[in-house]
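# Topology and contacts: notes
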Amino acid sequence: MTLPVGVGVVVAFDRHTKVIDGGRALVGGFPTRLLRLTPRARGLLVGRTVPVRDKASALLADRLIDRGMAHPVVDSLPLPPDPRYTVVIPVRDRARQLERLLRSIGTGGTGGTGGMGGTGPPVIVVDDASRHPAALAAVAARYGARLVALDTNAGPAGARNAGLRHVNTPYVVLADSDIVLDPDTVPTLLRHFADPRVAMAVPRITGLTSDATNWIERYENTRSSLDLGAHPALVRPGTPVSWAPTACAVARVDALRDGCGFDEGMRVGEDVDLCWRLVRAGQRVRHEPAVRASHEHRTRVGDWFLRKAVYGTGAHPLALRHPEFIAPAVFAPWSAVFAAALLAQRRWSAPVAGTVLGIVVLRIGRKFDGTRHPYRLAVPLAGNGALATLAQTSALLTRHWWPLTAAGCLVSRRMRRAAAVAALADIALEYRRGDGSLDPLRYGVARRLDDLAYGAGVWFSALKGRSTAALRPRVTR
C-alpha cells in the first residue's frame, strides 16, 4: 500500500493550530475545527510535529495537511524519483529581463537534466508576438534556449500553453520574464511532489531589490499582490492563501495537460482560475516560503496603478467560471448581523453586537464540550471571528464597494464615519505587517490607491459583463 505521506517526512503544526487538553485535541485549520485525538494518535505527536514512521502516522499527517492544520517540513521531503524539469518562459519584448532570468537559471538546452546535473535544465522561451523578435531570439540563442515564436499575441495563458506542448519532462517550471530564480528554489519546490496529490508548488515572491528607488516600489516590496507571505500554506479558496501566482511556479506536467491547462480565454486572472480548477479536481497546491523568487516590481505610479486595475478586471471572468469562490467577502449569519449592527451606528448597535458575540461564545463553547475550559477556548475564537468580520467589512467599504461608499459619503454622516474608520483601521493593521521601510503616511496613500485601482477594475468588469456576481458577498454556514 502506498502511504499518503512517506515514511521519514515530518509534518509541523500550522502556527494557528492549538494543542489543548494535554494533547488530547487540536484546534485549527480553515475553517476552524476541533479534532479529538485517540490515545494512539496522541502518541504519534512529538511536540508540535508528527514524524511519519508508519501507516497510522502517515494517515494522521495527511489528515492534518488536508485540513490546513499542519504542513510538511520541506527539508524532510525526498526528491521525486524523476526530478527532471523544463523551464517555460512567456515573454514579449523584454530582452533585458529575459537575459537576466536566463542567467539566473544557468545554461540550458533541449536535453538537459532538469537542474540535477551540470548542464542546466531545458528552457523554452515563448515569444508572444514581440514587436522586436530579433532581440529575444538573440538572447535565447545565447543561452541555448529553445525559441517558440507565436504569430499572434496569445497572452500569458496562451503563451504558457504553447510552451507546455513542447515539454517532455515530468515537471515544468513556469517563470515570467521579470522573475529572477534563486539556485535552490526549484530543487526545494520539487520536494513537495513527494506527495502524489500536489499538482503545483510556488515560492514566496519578493521584490528584486531591497534598496527600492521610490515609495511605490517600497510599498510593493511590503505589500505585493504576488507575495503570499512568510508562512507555508495549502492554497485553497476561502483560506488566507486562496490562490497562487504562476509568475513563478513548479507544476506536474500531467496535471496541467489533463484538462487543467491555462484558460486561453482569460488575459488576466488565469493563474487564479488554474489554482481553483486544480483544487476542485482534488489536487493540492502548496505555497513554500522557505525559498524565494525575485520579481521586478513596477516603479512608476501610472504603470503600477493601471496594473492593479487590470488585476481587478479578472473578477467577472472568474465569477463566470467559479461563482462559488469569487465572493469578495464570506460571512456566517452571525457575522453578517454583527457587521450590520455596527454599521448602523445606532444606540442599540453595541448591545446587539455584544449579544451576538455572547451567543457565538456559547455556541462554540458547547462544541468544545468535553474539553478543559471550553469557554476559555471559545472567547478568543469568537474574537478572531469578529476581527475577521471587521476586516472583510472594511475591505468591502474601501476596496470592492468604494464607488458605493463614495456616493454614500456625499449624503450620510454615518457612512463618512464608517469609511474613515475602515480606511484608518485597515492601514494600521496592514502597516504592522510590513517591514517599516515606508513611512505610515505614504504607505496609507499607496494602500488607498491600491484599493481604488483594484476596485475600479472589478466594477469595470462587472459593468461590462452586466453582472454583480463579483461584487456580492456570500452568507454561508
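Before reading further, recall that the structure is shown in the block above.
So, here's what we can say about the structure. Being a predicted model, the structure only gives us computed values, none of them experimental.

Glancing now at the nonpolar core. In this structure, Val88, Val126, Val172, Met200, Ala244, Leu278 and Val285 are the most contacted members of the largest nonpolar core, which totals 43 residues. No other element matches the five residues that helix α9 (residues 270-280) contributes to this core. Contacts of valine 285, omitting those with residues within four sequence positions, involve Met200, Ala233, Leu234, Val235, Ala244, Cys275 and Leu278. Judged by nonpolar contacts, the second largest core, of 33 residues, contains Val125, Leu136, Ala140 and Phe193.

Attention now goes to the sheet that holds strand β2 (residues 18-20). Strand order in the open sheet formed by three strands is β2-β3-β4, and the pairing between neighbours is antiparallel. Either end of the sheet is taken by a strand with one partner, and the two such strands are β2 and β4 (33-36). Each neighbouring strand pair of the sheet contributes to a mean axis angle of 25°, computed without reference to strand direction. Across four bridges, strand β3 (residues 25-28) lies against β4 in antiparallel orientation. Residue pairing in the sheet places leucine 26 in a bridge with leucine 35 of β4.

Our next topic: the sheet that holds strand β6 (residues 70-72). Strand order in the open sheet made by the three strands is β5-β1-β6, with antiparallel pairing throughout. Among the strands making up the open sheet, the edge pair consists of β5 (49-51) and β6. Each strand axis lies, on average, 20° off the axis of its neighbour in the sheet, ignoring direction. Sheet topology note: the strand β1 (residues 10-13)/β5 ladder contains three bridges and is antiparallel.

As enumerated under the stated definition, the model contains 28 salt bridges in all. Aspartate 66 serves as the salt-bridge partner of arginine 236, at 3.4 Å between the closest nitrogen and oxygen. Taken together, the positions of arginine 236 in the loop between β13 (233-234) and β14 (248-252) and aspartate 66 in helix α2 (residues 55-66) put the pair 170 residues apart, joining distant regions of the chain. A residue is classified by how much of its surface remains accessible, and arginine 236, at 24% relative accessible area, is partly exposed. For arginine 223, the salt bridge identified is with glutamate 430, shortest N-O distance 2.9 Å.

Reading guide: rules and limits
Residues numbered from 1 in each chain as written. Predicted model: local features only at pLDDT ≥ 70, side-chain atom pairs only at ≥ 80, totals over all residues. Heavy atoms only, no water. Core = buried A, V, L, I, M, F, W, Y, C linked by side-chain atoms within 4.5 Å. Buried < 20%, exposed > 50% of the residue type's maximum accessible area, 1.4 Å probe, protein only. Helix = DSSP H or I, 4+ residues; strand = E, 2+ residues; numbered from the N terminus. Contact = heavy atoms within 4.5 Å. Pairing = 2+ DSSP bridges. Axes fitted to C-alpha atoms, helices over the stretch in contact; angles between N-to-C directions. Salt bridge = Lys/Arg side-chain N within 4 Å of Asp/Glu carboxyl O.

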